[in-house]
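These are the residues of each chain, in order.
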Amino acid sequence: AVADDPKPDADTVQVLRDLANRLRIHSIRATCASSSGHPTSCCSAAEIMSVLFFHTMRYKQAEPEHPDNDRFVLSKGHAAPILYAAWAEVGDISEADLLSLRKIHSDLEGHPTPRLAFVDVATGSLGQGLGAACGMAYTGKYFDKASYRVFCLLGDGESSEGSIWEALAFASHYSLDNLVAVFDVNRLGQSGPTPLEHCTDMYQKRCEAFGWTTYLVDGHDVEALCHAFWQAARVKNKPTAIVSKTFKGRGIPNVEDAENWHGKPMPKERADAIIKLIESQIQTNRNLTPRPPVEDSPRISIKNIKMASLPAYKVGDKVATDRAYGSALAKLGHANKRVIVLDGDAKNATFSEMFKKEHPERFIECFMAEQNMVSVALGCATRDRTVAFVSTFAAYLTRAFDHIRMGAISQTNINLVGSYCGLSIGEDGPSQMALEDLAMFRSIPNCTVFYPSDAVSTEHAVCLAANAKGMCFIRTGPPEIAVIYTPEEHFEIGQAKVIRHSANDKVTVIGAGVTLHEALAAADRLSEQDISIRVIDPFTIKPLDAATIISNAKATGGRVITVEDHYREGGIGEAVCAAVSGEPDILVHQLAVSGVPRSGKPCELLDMFGISARHIIAAVKHTLMN
């Protein structure tokens, strides 16, 4: 039977039932072998997985990463064993490999990661899969304009997460009719029942209120599931939710629908009897071959993106780095048709509206839902379909930290840009001031942290980020600061710039963004008193150019001062301290924002909180006296 037929024939139905039971057996065996895992969470989803992988989804079995394949996101990542079991039945994993689940040398980890070809985004921190699925569906509908569809399996427990509802709102707003969310309503969470238990009509009302076409099904009835997926494929202009009533631990005597079995493998002495019982219900040993996909997504390349011209700024021009980011982005959009931008209703302040004006079809307004915005970007960037830039106020990215952290585990290449950072935003006050963003992004593995200090270096940062592997963060701000680099200046990740030096420099001062300009002002005033200092612009805070910092520190008697518009913890000062920690004779004096700031004029705040030119001068003199 083909899935274009609303009713599969009796043979197909039986094979799908048998496949569901085989998936159960694989999940029980694998979790037993590792003495850990979530077999009961797998058992509730067995029929859903069987119907999706062997009846509904269209994909190339031998090419899991093919761009035209239907996408599948396991948002309830702890049910990973049943995903691995499905691919074992498809033929991509051997049965012996399944038994290496959760072992140190196995790619079959406790929760799915893209170390496996058939996993697009890492899941397991609950509530994040649907946002990523939205990004894949948006890309399929609006960028690729292709036939592939996206299926996301969610747990009922994770449906308490706010990010799920952000994603439900997003999908409906953008009419993602190529997206299907399947709720595995098995009644039980980790430590007890879920708030709605088996009230599937409440899930239905909520999904419908969010603008989704919603079907209620018995999640253990393969015919009902086949029919629901068939209906979903015919819905136009709306996403579809399939609310499946299931039982946790389905098919396991005394465990089915019982509490306190979450995350517990079956006791070894009981496993054989359980498996025999499930095997006794299997009537066929046939497999079903998934239908091949429609091959209609465009061939694209996102490698080696180059700007068509040098930055159009002159030394001495006064330009805010956030404005420079906006114009660099618009320019980058002309360099490659796959550059996309996501923003959280801040486009007139982040200046991403400059990109929107020139490339409206590649701009995604995510509204005030920063968690979902990051997850959507992760989905958009999968399978190298786009180069995604995500922008908002740097302070608001902190609420998406968990999604950013999962992006690193997903091996993503998305670029995040935080504008409106630090005290230098002024009157809006501390709720808007990002003062912990550098610490956050420095703590993310394989994340490059750019902190450009003028318009030219900002434009270079944007282009370097577009081509960099791993995540990137660019910190920008609203103060209009002088352009200090010529358009021809060459920038590289991990390469600092010594922008003021002479043979008799006494102290090395390291600043970035607005504090670099305070350091230059301090250098001017100190030179009038015959004290010369060296000034370094790190450009990237991670990786930090330790060699340049150390050699210049040694040339200035081991005296270093760092000054940053950020809290002391985890910022530039601590990065520099770590970089020089192996050197015996270098002393670092850190100037940073101490305590929670307040509203005021930027220059007043820089002075009040100890990071203005006046404080740099005092620190230089103090350092020289000691």
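With an unreviewed UniProt entry as reference, the protein chain is termed transketolase, source organism Myotis lucifugus. In its Sequence similarities (unreviewed entry) section, UniProt records this for the protein chain: "Belongs to the transketolase family."

A look at helix H20 (residues 546-555)
Within H20, burial applies to Thr-548, Ile-549, Ile-550, Asn-552 and Ala-553. Of the residues one or two after H20, Gly-557 is the one with positive phi, at around 70°.

So, the nonpolar core
Soluble globular proteins tend to bury their nonpolar side chains together. In terms of nonpolar packing, the biggest core is built from 78 residues, with Leu-130, Leu-179, Leu-342, Ile-404 and Leu-416 touching the most fellow members. For this core, the element with the most residues is helix H6 (residues 129-143), which contributes eight residues. Contact partners of Leu-342, with chain neighbours within four places excluded, come to Ile-364, Cys-366, Met-373, Val-376, Ala-377, Ala-388, Phe-389, Val-390 and Ser-391. Counting 52 residues, the second-largest nonpolar core is a separate cluster that includes Ala-86, Leu-108, Tyr-215 and Val-217.

What to know about the domain arrangement of the protein chain
Per the domain assignment, the segments of the protein chain are domain 1 (10-280), domain 2 (317-483) and domain 3 (497-625). Look at where the C-alpha atoms of domain 2 and domain 3 centre, and you get two points 25 Å apart. Taken together, the 36 residues of domain 2 in the interface contact 32 residues of domain 3. Approximately 2,500 Å² of surface area, both sides summed, lies buried where domain 2 meets domain 3, with 63% of it carried by carbon and sulfur atoms. Of all residues in domain 2, Leu-423, Arg-442 and Tyr-451 give up the largest surface area on contact with domain 3, accounting jointly for 30% of the area buried on that side. For the pair domain 2 and domain 3, the number of links is zero salt bridges. Elements represented by at least two residues in the side of domain 2 that touches domain 3 include exactly helix H17 (437-442), strand E11 (447-450), helix H18 (455-467) and strand E13 (480-482). Considering each element in turn, the side of domain 2 that touches domain 3 owes the most residues, five residues, to H17. Here the side of domain 2 that touches domain 3 is composed, by residue class, of 22 nonpolar, eight polar and six charged.

Looking at the layout of surface pockets
Here the largest pocket defines a volume of roughly 970 Å³. For the largest pocket, the lining is made up of 42 residues, of which Ala-381, Arg-383, Asp-384, Asn-413 and Lys-469 are closest to its centre. Taken together, the elements giving at least two residues each to the lining of the largest pocket come down to helix H14 (370-381), strand E9 (387-393), helix H16 (401-409) and H18. The residues that make up the lining of the largest pocket include at least three from each of domain 1 (10-280) and domain 2 (317-483). Residue lining of the second largest pocket: 23 residues in total, with Arg-58, Ser-147, Arg-149, Ala-233 and Arg-291 positioned closest to the centre. The set of elements that each furnish at least two residues to the lining of the second largest pocket consists of helix H3 (46-56) and helix H9 (222-232). Of the residues that constitute the lining of the second largest pocket, the class distribution is ten nonpolar, four polar and nine charged.

Some details on the pattern of salt bridges
Taken as a whole and judged by the stated rule, the model has 27 salt bridges. In this structure, Arg-362 and Glu-361 form a salt bridge, with 3.6 Å as the shortest nitrogen-oxygen distance. Judged by its relative accessible area of 5%, Arg-362 is buried. A residue is classified by how much of its surface remains accessible, and Glu-361, at 47% relative accessible area, is partly exposed. Residues Asp-607 and Arg-614 are paired through a salt bridge, measuring 3.0 Å at the closest nitrogen-oxygen approach. Judged by its relative accessible area of 25%, Asp-607 is partly exposed. Within the structure, one salt-bridge network assembled from shared partners comprises Lys-60, Glu-63 and Glu-295.

Definitions and limits used
Residues numbered from 1 in each chain as written. Predicted model: local features only at pLDDT ≥ 70, side-chain atom pairs only at ≥ 80, totals over all residues. Heavy atoms only, no water. UniProt positions renumbered as here; feature names shortened; annotations may be inferred. Buried < 20%, exposed > 50% of the residue type's maximum accessible area, 1.4 Å probe, protein only. Helix = DSSP H or I, 4+ residues; strand = E, 2+ residues; numbered from the N terminus. Core = buried A, V, L, I, M, F, W, Y, C linked by side-chain atoms within 4.5 Å. Contact = heavy atoms within 4.5 Å. Domains from an automatic or database assignment. Buried area = accessible area lost by both parts, 1.4 Å probe. Salt bridge = Lys/Arg side-chain N within 4 Å of Asp/Glu carboxyl O. Nonpolar A, V, L, I, M, F, W, Y, C, P; charged D, E, K, R; others polar. 1 Å grid on protein atoms, 1.4 Å probe; cavity = no way out; pocket = protein on both sides within 12 Å on 5 of 7 lines; lining within 4 Å. Points joined across faces, edges and corners; volume = space filled by probe spheres on them.

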